[in-house]
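# Analysis of the macromolecular model
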Amino acid sequence: MADKKLKVGGYTKFTSTDYPGELAAVVFVQGCPWRCGYCHNPHLQPRDGTPALAWGELLAFLAGRAGLLDAVVFSGGEPTIDPALESAMRSVKALGFKVGLHSAGIYPERLKQVLPLVDWIGLDIKTSFDAYDDITGASGSGKAAHAAARLVIDSGVPYELRTTVHPALTTRRHISALTRQIADMGCKTYALQDFRSVGCRAQDLIDSSSEGALDSEMLGQVKSRFRHFTLRRADG
Ligand code: SF4
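Now for a look at the structure at hand.

The rules behind each value
Residues numbered from 1 in each chain as written. Predicted model: local features only at pLDDT ≥ 70, side-chain atom pairs only at ≥ 80, totals over all residues. Heavy atoms only, no water. Helix = DSSP H or I, 4+ residues; strand = E, 2+ residues; numbered from the N terminus. Buried < 20%, exposed > 50% of the residue type's maximum accessible area, 1.4 Å probe, protein only. Contact = heavy atoms within 4.5 Å. 1 Å grid on protein atoms, 1.4 Å probe; cavity = no way out; pocket = protein on both sides within 12 Å on 5 of 7 lines; lining within 4 Å. Points joined across faces, edges and corners; volume = space filled by probe spheres on them. Nonpolar A, V, L, I, M, F, W, Y, C, P; charged D, E, K, R; others polar. Pairing = 2+ DSSP bridges. Right-handed = clockwise from strand over helix to strand, strands pointing away. Core = buried A, V, L, I, M, F, W, Y, C linked by side-chain atoms within 4.5 Å. Near = heavy atom within 4 Å. Sits in = over half its atoms within 2 Å of the grid points. Axes fitted to C-alpha atoms, helices over the stretch in contact; angles between N-to-C directions. Salt bridge = Lys/Arg side-chain N within 4 Å of Asp/Glu carboxyl O. Parallel < 35°, antiparallel > 145°, perpendicular 65-115°, else oblique.

### Quick word on the side chain of S75
Positionally, S75 belongs in strand β3 (residues 71–75). For S75, a relative accessible area of 9% corresponds to the buried category. Other than its neighbours up to four places away in sequence, S75 contacts V26, V27, F28, V29 and H102.

### Some words on the layout of surface pockets
In this structure, the largest pocket spans a volume of roughly 1200 Å³. Looking at the largest pocket, it is lined by 38 residues, and the ones nearest its centre are H40, H102, D124, R162 and Q193. Sorting the residues of the lining of the largest pocket by element identifies β2 (24–29), β4 (98–103), β5 (120–124), β6 (159–165) and β7 (189–194) as the ones contributing at least two each. Looking at the lining of the largest pocket element by element, the count peaks at five residues for β6. Here the residues of the lining of the largest pocket are counted per class, giving 15 nonpolar, 14 polar and nine charged.

### Digging into the pairing of β7
The element β7 is extensively covered by neighbouring structure, given that five of its six residues are classed as buried. Pairing of β6 with β7 involves five bridges; the strand directions are parallel. Opposite R162, over in β7, you have A191 as the bridge partner. Between the parallel elements β6 and β7, the chain passes through helix α6 (residues 172–184) in a crossover that is right-handed. Bridging between β7 and strand β8 (residues 228–232) involves five bridges; their strand directions are parallel. Paired with Y190 across the two strands is F229, which belongs to β8.

### What to know about the nonpolar core
In terms of nonpolar packing, the biggest core is built from 64 residues, with W55, F74 and L161 touching the most fellow members. Those residues in contact with F74 that lie beyond four places of it in its chain are L6, V27, W55, P79, L85, A88, M89, V92, V99, G100, L101 and H102. Core analysis: the next-biggest nonpolar cluster, separate from the first, contains eight residues, Y19, L44, A71 and W120 among them.

### Considering the site of the ligand
Lining the immediate surroundings of the ligand are C32, W34, R35, C36, C39, Q45, G77, A104 and K126. With respect to the detected pockets, the ligand is housed in the largest pocket. For the shell around the ligand, the residue count by class is five nonpolar, two polar and two charged.

### Looking at the sheet that holds β4
Strand order across the open sheet formed by eight strands is β1-β2-β3-β4-β5-β6-β7-β8, with mixed pairing between neighbours. For this open sheet the edge positions go to β1 (8–15) and β8, each flanked by a neighbour on one side alone. When strand polarity is set aside, the average angle formed by the axes of neighbouring strands in this sheet is 20°. Pairing analysis gives four bridges linking β3 to β4, with the strands arranged parallel. Within β4, the residue paired with F74 across the bridge is L101. Against the sheet, α6 makes contact with β6 and β7, and its axis sits at roughly 160° relative to β7, the strand it touches most.

### Brief notes about the pattern of salt bridges
Scanning the model with the defined rule gives twelve salt bridges in all. A salt bridge links R150 to D154, with the shortest nitrogen-to-oxygen separation between them at 3.0 Å. With a gap of four residues between them, R150 and D154 both fall in helix α5 (residues 141–155), about one helical turn apart. By relative accessible area, which is 32% here, R150 ends up partly exposed.

### Some words on unusual backbone geometry
Across the junction of G76 and G77, the peptide omega takes the value 10°, indicating a cis bond. Within the secondary structure, G77 is located in the loop between β3 and α2 (85–94).

### Focus: the packing of α6 against helix α8 (residues 216–223)
Between two packed helices, what matters for the description is the angle formed by their axes and the separation of those axes. Direction vectors running N to C along α6 and α8 enclose 10°, while the axes themselves pass 10 Å from each other. Here α8 runs roughly parallel to α6, going by the angle between their axes. Between α6, through R172, I175, S176 and T179, and α8, the contact on the second element is made entirely by E217, M218, Q221 and V222. Here the contact of α6 with α8 is built from residues that sort into three nonpolar, three polar and two charged.

Everything listed here is a matter of geometry and, on its own, says nothing about what the molecule does.
Dropping the structure here:
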């Protein structure tokens with residue numbers, strides 16, 4: 001039988017940047033099967049290991065924050081890896097919180113199951129769907145991400161699709177192709193964000209320049225494809 005207790009890798013008590021316009025706590029779910037070089041939470045990749053704290057303890061803490069925070073965001077790792085995600089979302093909703101979700105779309109079936117409980121989702125789009133495995137190190141990852149993007153865009157749930165850019169991994173060609181792909185799928189809200197070195201264990205990526213792919217011509221082209229476009233600079 002599946003373990004129905006969420007595996008908690010960590011949490012943030014308070015943030016104003018992880019759910020647009022809302023004050024939120026963030027629950028980091030332990031486990032992710034992908035191995036993106038620029039991952040800033042590599043300690044959350046292994047699924048096994050001792051949880052940072054029991055879900056019941058964290059839920060009790062969140063209950064004490066009811067009325068003080070607007071939302072609880074489930075992040076990771078990859079939160080949809082956890083069979084207990086749906087019940088955890090129901091528990092925080094019952095406390096009166098909005099539910100946010102950060103996902104890379106690794107498990108479209110579980111995403112489909114929990115989407116009706118989600119009030120806002122930030123979905124990572126790594127690169128053009130045909131080039132995914134080069135970043136994630138996981139065979140078939142682009143197919144999963146494409147299915148997830150389809151679900152999110154069609155869901156009616158407020159969302160942001162976003163891409164982290166390191167020019168060694170995501171070139172102008174990739175950005176051009178992926179933004180065309182998701183715009184053709186109906187994506188209206190999109191963000192590009194610079195690679196940040198905090199937490200990253202790939203020294204070659206930290207050492208190499210994070211500038212280059214996002215020049216003004218590229219940005220103008222991308223911006224024209226979406227109704228809402230955000231650029232997050234590493235020094236911003
Ligand atoms: S999908 Fe996210 S959590 Fe998983 S390895 Fe990639 S960046 Fe890290």
